[in-house]
Amino acid sequence: AATPANAAVISFPTEKNPLLLNFNENSLGMSAQAKQAVVDCLPTAFRYPDAARAELIEQIAAHFGLKSENITLGNGSSETIQAAVQAIVLQAQQQQKKVQVIVPDPTFNYAELYAKPLGAEIVKVPLNAKLEFDLATMQAKAAGFAGKSIVYLCNPNNPTATITPAATMDSWIKSAPADTFFIVDEAYAEFVNDPAFKSAIGLVQSGQKNLIVTRTFSKIFALAGLRIGYGIAAPEVIAQVENFVSLDNTNTAGAVAALASLKDKTFVAMSRKSIDLSRQIVTSMLDELNLEYVPSQANFIFHKVNGDVKTYQDRMKQQNIYVGREFPPAVGWNRLTLGTPQEMQVFVSVLKSFSAKGWV
Ligand code: PLP
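Keep in mind it's a predicted model, so treat the numbers as computed, not measured.

**Things to note about the nonpolar core**
Leu56, Phe217, Phe347 and Leu351 are the most contacted members of the largest nonpolar core, which has 90 residues in total. Split by domain, this core shows at least three residues from each of two domains, domain 1 (19-31 + 266-356) and domain 2 (32-263). For Phe217, the contacting residues outside a window of four places in its chain are Leu56, Ile60, Ala222, Leu223, Ala224, Ile228, Tyr230, Ala258 and Leu262. Membership of the second largest hydrophobic core comes to 26 residues, among which are Val101, Ala111, Ala120 and Ile183.

Here's what the structure looks like:
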């Protein structure tokens, strides 16, 4: 019901047209208005993107009641994470301080990937038994380090789809010593239903300077291939991060699609509703089949597979369904992207047949 006319829904996955539930993309496809904006921009896309880029920065700032100086645009939020890591590591090196990056484990790994080649030490803190962040241990690791700590907090977390309540996170960020800097990755924030979640953008709005919040148009807005993400922080942090951002990094098509998407409130509501329905279809089947899962607050779900995950993945692939992967050290769990409700009906019927064969 929540599928727009422009979506490429896969009802019968084939080898050529598989059901892609592996990269946390948004199967709905971009909003019709975003698509139209891309088509309309093509005659002028031979120009550099300055005007569209500036307008997008302004509109994002206005959306959050902030100023343009609070925003850095990225070629996806990946670039923002990369630039933030580089900026903070450079600052520490100029101050002749050692740098460590503290990450929960498992989590989205770009902060550590970009930090490692710069010589930063990576400190991985395992999730607790409920697969939530162990903030107390992360905090202790930062407190016990003589140097700069970059703390990467993905909220909701990828691959577990769990949130970290604002109450616990905010108090750490507000009371952290000067040598701690936070990258709060909110790529999936727009999907969250749990009222215990509060965006860390609120901290930036109230003047907090030791963090950057990263967001993206790749997920709720379904623009992953057009590469638009952004960071929100205090103006002095943004200025630092901008030193490492590629000039003219925004492609015009992405910028106009993002602008149209920001205005299209109906699409956001529909996208959320569609994911809620897809999640319900999957959790009902996981319940029926007695497969454990972590309550999801994003467009993917982390669930147990009885047996070897690679074998499960390969068997799904034989059905032309790509189901994500295992994220060690969380062995025995698979991350599944939530596609459209129709797509998830296809998935659950295959999963049920696997269960009947004793495969899951
Ligand atoms: N952050 C998280 C948690 C992600 O899962 C992803 C992509 O899957 C990204 C950031 C990067 O997304 P993008 O560069 O498309 O904004």
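**Digging into the site of the ligand**
In the vicinity of the ligand there are 13 residues, among which Ser78, Asp185, Tyr188, Thr216 and Ser218 approach most closely. Within the side chain of Lys219, a nitrogen or oxygen atom sits 2.8 Å from an oxygen atom of the ligand. In the complex, the protein chains occlude 92% of the 390 Å² of accessible area that the ligand would expose alone.

**Re the side chain of Glu186**
Counting through the fold element by element, Glu186 comes out in the loop between strand S6 (180-185) and helix H7 (201-205). Glu186 gets classed as buried once you look at its relative accessible area, which sits at 0%. A distance of 2.7 Å separates a polar atom in the side chain of Glu186 from the backbone nitrogen of Ala200. Setting aside its immediate chain neighbours within four residues, Glu186 contacts Asn155, Phe197, Lys198, Ser199, Ala200, Ile201, Val213, Thr214 and Arg215.

**Describing the pattern of salt bridges**
Following the criterion strictly, the structure yields nine salt bridges and no others. Here Asp179 ties to Lys97 by a salt bridge, and the two come within 3.1 Å at their closest N and O atoms. In this pair, Asp179 sits in the loop between helix H6 (166-175) and S6 while Lys97 sits in the loop between helix H3 (77-94) and strand S3 (99-105), placing the two residues 82 residues apart along the sequence. With a closest N to O distance of 3.0 Å, Glu288 and Lys352 form a salt bridge. With Glu288 in helix H10 (residues 265-288) and Lys352 in helix H12 (residues 341-356), the pair connects residues that are 64 residues apart, well separated along the chain. Its relative accessible area of 49% is what places Glu288 among the partly exposed residues. The network of salt bridges with shared partners includes Glu186, Glu190 and Arg215.

**Overview of the domain arrangement of the chain**
Here the domain parsing of the chain yields domain 1 (19-31 + 266-356) and domain 2 (32-263). For domain 1 versus domain 2, the distance between C-alpha centres works out to 26 Å. Domain 1 puts 27 residues into the contact, and the matching count from domain 2 is 27 residues. Across the interface of domain 1 and domain 2, roughly 2,400 Å² is buried in total on both sides, 61% from carbon and sulfur atoms. The largest contributions to the domain 1 side of the interface with domain 2 come from Met30, Ser31 and Gln297, which together make up 30% of the buried area. On the surface where domain 1 and domain 2 come into contact, there are 16 residue pairs in polar contact (both at pLDDT 80 or more).

**Observations concerning the sheet that holds strand S2 (residues 71-74)**
Judged by pairing direction, the sheet is mixed, and its seven strands sit side by side in the order S2-S8-S7-S6-S5-S3-S4 without closing on themselves. Whereas interior strands pair on both sides, the edge strands pair on one side only; in this sheet they are S2 and strand S4 (121-126). Taking the axes of each pair of neighbouring strands and ignoring which way they run, one obtains an average angle of 20° across the sheet. By the bridge criterion, six bridges tie strand S5 (residues 148-154) to S6 in an arrangement that is parallel. The partner of Ser149 across the bridge, within S6, is Thr180. Packed onto the sheet, helix H2 (residues 50-63) meets S2 and strand S8 (229-233) and runs at close to 130° relative to S2. Against the sheet, H6 contacts S5, S6 and strand S7 (211-216), and its axis sits at roughly 145° relative to S6.

**Observations concerning the packing of aromatic side chains**
This structure, assessed with the given rule, holds eleven aromatic pairs. Both rings, one in Phe64 and one in Tyr230, keep their centres 6.3 Å apart while their planes meet at 45°; by these two values the pair is tilted. One end of the pair, Phe64, is in the loop between H2 and S2; the other, Tyr230, is in strand S8, with 166 residues separating them in the sequence. In this structure Tyr230 comes out as buried when scored by relative accessible area, which is 3%. Chaining the aromatic ring pairs together yields one cluster made of Phe64, Phe217, Phe221 and Tyr230. Over the face of the ring belonging to Trp359 we find Arg315, whose NZ or CZ atom lies 4.0 Å from the ring centre. A cation sits over an aromatic face here: Arg325 above Phe327, 3.8 Å from the ring centre.

Rules and cut-offs
Residues numbered from 1 in each chain as written. Predicted model: local features only at pLDDT ≥ 70, side-chain atom pairs only at ≥ 80, totals over all residues. Heavy atoms only, no water. Core = buried A, V, L, I, M, F, W, Y, C linked by side-chain atoms within 4.5 Å. Buried < 20%, exposed > 50% of the residue type's maximum accessible area, 1.4 Å probe, protein only. Domains from an automatic or database assignment. Contact = heavy atoms within 4.5 Å. Near = heavy atom within 4 Å. Polar contact = N/O pair within 3.5 Å; in protein donor to acceptor, adjacent residues only side chain to side chain. Areas by Shrake-Rupley, 256 points an atom, 1.4 Å probe, with all protein chains shown as cover. Helix = DSSP H or I, 4+ residues; strand = E, 2+ residues; numbered from the N terminus. Salt bridge = Lys/Arg side-chain N within 4 Å of Asp/Glu carboxyl O. Buried area = accessible area lost by both parts, 1.4 Å probe. Pairing = 2+ DSSP bridges. Axes fitted to C-alpha atoms, helices over the stretch in contact; angles between N-to-C directions. Phe/Tyr/Trp six-rings, centres within 6.5 Å; stacked < 30°, edge-to-face > 60°. Lys NZ or Arg CZ within 6 Å of the ring centre and 35° of its normal.

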